[in-house]
Amino acid sequence: MKQLLDKLFKNGAKGTSKKTGYMLILALGGLMLIIVGNLFTSSNETPPQQEITHNLDEESEETAKQVKSNEDMTTSDISELEESYKKDLESMLNNIKGVSEAEVMVNLESTKIKVYEKNLIYGQQSTDESDKNGGTRKVQDSTEEAQTVLVRQGEGEVPLLIQTKKPEVRGVFVVAKGADHASVKKWIIESTSRVLDVPTHRVSVMPKN
C-alpha cells in the first residue's frame, strides 16, 4: 500500500497527477468502509432459516404445553368424579346390615359428556329414471344434516349447552367385611348397580380380612 502511494505522488514517475492520486485514495477508502460495514452487519444478523426454525420451535412448544394442560385437566376431572363416587358409595354400603369397613374403587369411562342443541335439516329429492326397455322408475333421495345451535356470548358465539351427562362407569370393585355371606354380597352388588347405573357383571365384591 505504501509503495502504491509513493508511486502516485511522484511527479515524474509515470505522469500521474496529485489530483488523480487523491481520487484513487478516496475510492480505496470508501471501498474499505463498505467491506468493514458488511462484515459487522453480517455478524449481527440472524440467518432467515434460523429465524424460521426458532419460530417453529416456539409454536411447537406452545402447542405441546396446551395439549398437556388439557390432558392434566381431563385427568383431574376424572379423578375428582371417581373420588366423589367412592365416598358416597362407601357411606351407603357401610349402612347395610352385615356390611362394615367397606372400601370402594370406581373406574370411569370418561369425563362428563356435554350435549349441545342442534338443528336437524331434512331434504328429499325425487328423480325419474328411464331404462333401456322404455320403462320408468322414481328414485327417492333423502338427506339429513345436523347444525349446532350457536348463541351470542360477549363478542363471540358459543354452542348452546342443553345437558351434561354423567360419565359411564367402566367397573366397580368393593372390599368389605361381611361380603363372604351370599346374601350380603348380593345386597352389595344390587345396591352398587342401581346407584351407579352399572351392569351387575361390572361389579366385583370381595370379603375383607
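Heads up: the structure comes first, above all this text.
Before going into details, it helps to say that this report is about the structure given with it. It should be emphasised that the depicted structure is a prediction, and the values quoted were computed from it without experimental measurement.

1. Focus on the overall build of the protein chain
Then step 1. When helices and strands are counted, the protein chain shows four helices and nine strands.
Then step 2. In the protein chain, the order of α-helices and β-strands from amino to carboxyl end is α-α-α-β-β-β-β-β-β-β-β-α-β.
Then step 3. With 209 residues in all, the protein chain has 17% of them scored as buried.
Then step 4. The contacts in the protein chain between residues at least 6 apart in sequence include a share of 64% that link residues at least 24 apart.

2. What about the side chain of Glu82?
Then step 1. Topologically, Glu82 is positioned in helix 3 (residues 48–93).
Then step 2. We note that Glu82 is buried and unpaired, the nearest opposite charge coming from Arg170 at a distance of 7.6 Å.
Then step 3. Residue contacts for Glu82: discarding those within four places in its chain leaves Val106, Asn107 and Leu108.

3. Description of the pairing of strand 5 (residues 150–153)
Then step 1. In this structure, strand 5 lies alongside strand 6 (residues 156–159), joined through four bridges in antiparallel fashion. Residue pairing for strand 6: Gln153 is matched across the bridge by Gly156.

4. Quick look at the nonpolar core
Then step 1. Grouped together as the largest cluster of nonpolar side chains are 23 residues, with contacts concentrated most on Leu93, Val99, Val106, Val172, Ile188 and Leu196.
Then step 2. Secondary-structure elements contributing two or more residues to this core are helix 3, strand 1 (100–108), strand 8 (169–177), helix 4 (182–196) and strand 9 (203–207).
Then step 3. Among the elements that make up this core, the one with the highest residue count is helix 3 (five residues).
Then step 4. Each residue touching Ile188, except ones within four places of it in the same chain, is listed here: Leu93, Val99, Val174, Ala176, Ala179 and Val205.

5. Some thoughts on the pattern of salt bridges
Then step 1. Scanning all chains against the criterion turns up seven salt bridges.
Then step 2. Each member of the salt-bridge network shares a partner with another, and the members are Glu101, Glu103, Lys177 and Lys208.

Criteria and cut-off values
- Residues numbered from 1 in each chain as written.
- Predicted model: local features only at pLDDT ≥ 70, side-chain atom pairs only at ≥ 80, totals over all residues.
- Heavy atoms only, no water.
- Helix = DSSP H or I, 4+ residues; strand = E, 2+ residues; numbered from the N terminus.
- Buried < 20%, exposed > 50% of the residue type's maximum accessible area, 1.4 Å probe, protein only.
- Contact = heavy atoms within 4.5 Å.
- Lys, Arg positive; Asp, Glu negative; His and termini not counted.
- Salt bridge = Lys/Arg side-chain N within 4 Å of Asp/Glu carboxyl O.
- Pairing = 2+ DSSP bridges.
- Core = buried A, V, L, I, M, F, W, Y, C linked by side-chain atoms within 4.5 Å.

These values are about where atoms sit, not about what they do.
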